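# Reading the structure
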Amino acid sequence: MTLEIRSTTIFRGPNIWARMPAILMETDIGELEERPTNKIPGFYEHLTEQLPGLYEHSCSIGKPGGFLQRLREGTWMGHVVEHVALELQKLTGAEVSRGKTRGAGERGVYNVVYAYTQEDVGIAAGKLAVRLINHIIYDAEPEFDFVAELEDKVIRVAERLAFGPSTGAIVSEAERRGIPVLRLDPRRSLVQLGHGAYQKRVWATVTSETANISVDVAGNKELTNRLLHEIGIPVPRAAVVRSADDAVQAARRMSYPVVLKPLDGNHGRGVMIDLPDETAVREAFPVAKRESRDGVVIVETFIPGKDYRILVVNNQVVAVAERVPAHVIGDGKRTVAELIEITNQDPRRGVGHEKILTRITVDGQTRDVLAKQDFTLDTVPAEGLFVQLKLTGNMSTGGTSIDRTDDIHSDNVEIARQAAMVVGLDVAGIDFITPDIARSVREQRGAIVEVNAGPGFRMHTHPTEGHPRHVGRAVIDMLFPPGSPSRVPIVAVTGTNGKTTTSRMIAHIMKTAGKKVGMTTTDGIYVDATQIASGDMSGPTSAQMVLKNPAIDYAVLETARGGILRSGLGFDRCDVAVVTNVSADHLGLRGINTLSELAKVKEVVPQSVLPNGASVLNADNPYTVEMARVARGEIIFFSMDEESPVIRDHLRERGKAVVLRPTRHGEMLTLIEHRRDTSLLLAEEIPATMEGRVRVNIQNAMAAAAATFAQDVQLEYIRNALRTFTSTFYQTPGRFNLLEIDGRKVLLDYCHNVAGLESMADFVKRMNADRTIAMIAIPGDRSDEDITAFGRLAGGTFDTIVIREDVNPRGRKRGEVAGLLQEAIAAGGLADGNVQVVLDELEAARAAIGQAQRNDLVILLADRPAAVFEQLTGRPI
């Protein structure tokens, strides 16, 4: 049996395996469980022959060669897949090194986890790794050509998806500074740098600060020439023409030689230089016209000299390159065509802008340029002879570059700066023709022939000769000056119960403090308190939607278990993490079977806190207390019991906490900071606590107060916001919404697990109702044990029960969950006459309310709270 990949999971952010994007491949190694690498003859030799780069892998040994030591000593094939997948990505130029392999709980099955930079490339590398290992051990594919497969399946994919050199230089510098990078279009180079209101965008080297009018001016070569001439910057004489006859007349007025170029062309296409006479002009005119969108051509005086590109960013010269036209150097043996073929084999050359150099194409211009030198493609040039192949030095036509940044004369620097300022470009490529850039243009003939928007960076970042220039730094300095923010503060809220209400409380506090808050919850996405999307939006994709929104300057992200397990977090780091609690829910799903394992999932969030941030943890829950060992940032506990040993020990270490303190006026939310106590407000002052009866909302309020205090929010904002935070359906839909329906009290809530029902039972006791009637249900993907425990607790809490089911049975037969609940309720002692099964949610709600009298309390545990609310009130949502 060969190795097989059972499933693949893409984590696009921090996850339970790593604090970075990673790929998880569940891999079945079959009978190789009995055959580690040292028991397979020739495996070590064949693998290292194909991938000599494995010699650099340190593995757990901690030094280069460590992985090979593990191979020789004997390791499992899942571990080998991990390292081969990493090495294959490295061969594309990716900087990846981290991975881990762990048993998946089934013999011979391993969770292979490894880092990636491009998702498609990472997946392709993992698949090819398995094929290579199968080929070495089993010869599973006799026609398998590893080198060809590597080129086709991995390297070409990487080249197609990789950022070009220009965008890559900017992105690399942003990542180095910790500025968030979001690729807005995976097939193009449109990138968001930063979050929310602080974001900037780049598309290649055009930025969100680049003025459209400036791009239009730069695209009109005649207008650019005239604007520069009018302030005294040296430019060639120019005339706009639409016919060959007009071009000839203009050339005569200027005197030969001349240049023809399209009015709105780019990348040197259609530029015909050093035209000596009328015949040459007439031959060149159709070529130039063909590259112009409007069929308009410029005739310019020819400026002899070398071709220089001066890069100006934010009105400062940051790099200079001499551009050398595409050429070959004769060796006295090979033809020009053969020399071109050899030159194109340089691995640095690719198609278009995918690599640092462009392959040289043979076209009509190539043949014309050769003819002017009395050569053809079949000519064998003498050894050392420079044979020019293109008219211009554009990198896009196969040219090369020499860094001249340190050579440019100060006069030329100033002229280039002024040219960029006249056109108005924040990033400009100035094409300067002069015999020597080290001498002032005033001392020699020279001129600026073009000002380009969106100039390429690769001639500066990867010059063929000379020092590379880190020009991306200048762009990032311009977009994000020192001290300016790039991230919106992120508060991530996780836990089993209370996430949504806590998130809403935090968002309400921050709105009160003047922030434009983007919030994700299980109810939807909200921007500045306006809902823009509905449904369960507590996963990483929804988080990204908020962080991409330029209207927000603060983010509160409810972060649920499911999203963490499916794709990781939707952000790399957060400022504050809140963990409300960990209790039994969703156990038995996606490999999470115990509370300890569930806690491991939740702790991904506090592990992702920035060093200067804070982790807010529930001191009354043992699983969240345990998270303090791995949580990052400052630890702030909250507790309903000031005398809790956890709180006492934490305060003894001069830690911070929010506690509920009994006073003669009532229960006071109290902030304790370095043994200094500050009273926030009484619990009964918070409308959402219903005069202190809803204990979970007291906990949620303490968590929200701690999170916002960690962000240095003024205490008065916290007090005022909590005093105005209600549990109405419009502020917290489906969370302890108490309604008055025909004189009967009706509570609408989303409670769906045992811990939540325990909180509900506490509330019911505090309401002192004559009788309680409840509509209950629990999702079908919960275990039989959880369903039974829920039913027993419901039977001991309510006087009358109507059992319903969710529309989505989540893998169970219709009526199966209701039957389990009915059995559990009966076992708990509630008489059959007080239990009714009505599977439809809206009908069950009507049945429950129909049995209520005045002074009764009706509890509706709703899966579709909006539909139930609309039915009860007649008010559309």
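Right, let's walk through the structure included here. (Residues numbered from 1 in each chain as written. Predicted model: local features only at pLDDT ≥ 70, side-chain atom pairs only at ≥ 80, totals over all residues. Heavy atoms only, no water.)

## Details of helix α19 (residues 595–602)
For α19, every residue scored as buried is listed here: L598, A599, V601 and K602. In a view along the axis of α19, the buried residues occupy a sector of 155°, so they form one face of it. In this fold, the buried residues of α19 make contact with β22 (490–494), α18 (561–567), α20 (604–607) and α21 (622–626). (Buried < 20%, exposed > 50% of the residue type's maximum accessible area, 1.4 Å probe, protein only. Helix = DSSP H or I, 4+ residues; strand = E, 2+ residues; numbered from the N terminus. Arc of directions from axis to C-beta. Contact = heavy atoms within 4.5 Å.)

## Re the nonpolar core
With 50 residues, the main nonpolar core has F43, L47, M77, V80 and L88 as its most contacted residues. For this core, the secondary structure elements donating two or more residues are β2 (22–28), α1 (43–50), α2 (66–73), α3 (77–90), β4 (109–115), α4 (119–138) and α5 (146–161). Top contributing element to this core by residue count: α4, with eleven residues. Residues in contact with F43, not counting those within four places in the same chain, are T37, L71, M77, V80, I133, I136 and I137. Formed by 41 residues, the second largest nonpolar core is a distinct cluster that contains I509, I636, V658 and L671. (Core = buried A, V, L, I, M, F, W, Y, C linked by side-chain atoms within 4.5 Å.)

## Some thoughts on the pattern of salt bridges
Scanning all chains against the criterion turns up 65 salt bridges. Here E34 ties to R107 by a salt bridge, and the two come within 2.1 Å at their closest N and O atoms. One end of the pair, E34, is in the loop between β2 and α1; the other, R107, is in the loop between β3 (99–103) and β4, with 73 residues separating them in the sequence. With a closest N to O distance of 3.1 Å, D523 and R735 form a salt bridge. One end of the pair, D523, is in the loop between β23 (517–520) and β24 (524–527); the other, R735, is in the loop between α24 (715–723) and β33 (737–741), and 212 residues separate them in sequence. Among the residues examined, R735 registers a relative accessible area of 13% and is labelled buried. (Salt bridge = Lys/Arg side-chain N within 4 Å of Asp/Glu carboxyl O.)

## A short note on the pairing of strand β25 (residues 530–534)
Pairing analysis gives four bridges linking β24 to β25, with the strands arranged antiparallel. Its bridge partner being in β25, I525 is matched across the sheet by A533. Counting the residues that bridge the hairpin from β24 to β25 gives two residues, and of these D528 lies at a positive phi of roughly 50°. (Pairing = 2+ DSSP bridges.)

## Brief notes about the sheet that holds β4
Read from one edge of the open sheet, four strands run β1-β2-β4-β3, paired in antiparallel fashion. In the strand order of this sheet, the two ends are held by β1 (4–11) and β3, each with one partner. Strand-to-strand twist in this sheet, taken as the mean axis angle between neighbours without regard to direction, amounts to 15°. Alignment of β2 against β4, held across seven bridges, turns out to be antiparallel. (Axes fitted to C-alpha atoms, helices over the stretch in contact; angles between N-to-C directions.)

## Things to note about the packing of helix α25 (residues 754–767) against helix α26 (residues 784–797)
As a packed pair, α25 and α26 sit with axes 10 Å apart at the nearest point and diverge in direction by 5°. Between α25 and α26, the angle is such that the two are roughly parallel. Residue-level inspection shows V754, L757, E758, A761 and V764 of α25 in contact with α26, the latter providing D786, A789, F790, L793, A794 and T797. (Parallel < 35°, antiparallel > 145°, perpendicular 65-115°, else oblique.)

## Quick notes on the packing of aromatic side chains
Tallying each qualifying case throughout the model produces five aromatic pairs. Taking 5.7 Å as the distance between ring centres and 85° as the angle between the ring planes, the aromatic pair formed by Y730 and F869 counts as edge-to-face. In this pair, Y730 is assigned in the loop between α24 and β33 and F869 in helix α29 (residues 865–873), connecting sequence segments 139 residues apart. When the centroid spacing of 5.5 Å and the interplanar angle of 80° are considered together, the rings of F736 and F763 count as edge-to-face. With F736 in the loop between α24 and β33 and F763 in helix α25, this pair connects stretches of sequence that are 27 residues apart. As far as burial versus exposure is concerned, F736 and F763 are alike and both buried. Cation over ring: R183 sits above F163, and NZ or CZ is 4.1 Å from the ring centre. (Phe/Tyr/Trp six-rings, centres within 6.5 Å; stacked < 30°, edge-to-face > 60°. Lys NZ or Arg CZ within 6 Å of the ring centre and 35° of its normal.)

## Considering α5
Taking 1.5 Å per residue, 16 residues should reach 22 Å; α5 reaches 21 Å between its end C-alpha atoms and fits that length. At I155, α5 is bent by approximately 35°, the largest bend along its length. Those residues of α5 that fall on the buried side of the exposure criterion are F146, E149, L150, V154, I155, V157, A158 and L161. Close packing links the buried residues of α5 with α1, α3, α4 and β5 (181–183). The backbone nitrogen of V147 has a side-chain oxygen 3.3 Å away, supplied by the residue at the start of α5, namely D145. (Expected span 1.5 Å × (residues − 1). Bend = angle between axes of the 7 residues up to and from the residue. Polar contact = N/O pair within 3.5 Å; in protein donor to acceptor, adjacent residues only side chain to side chain.)

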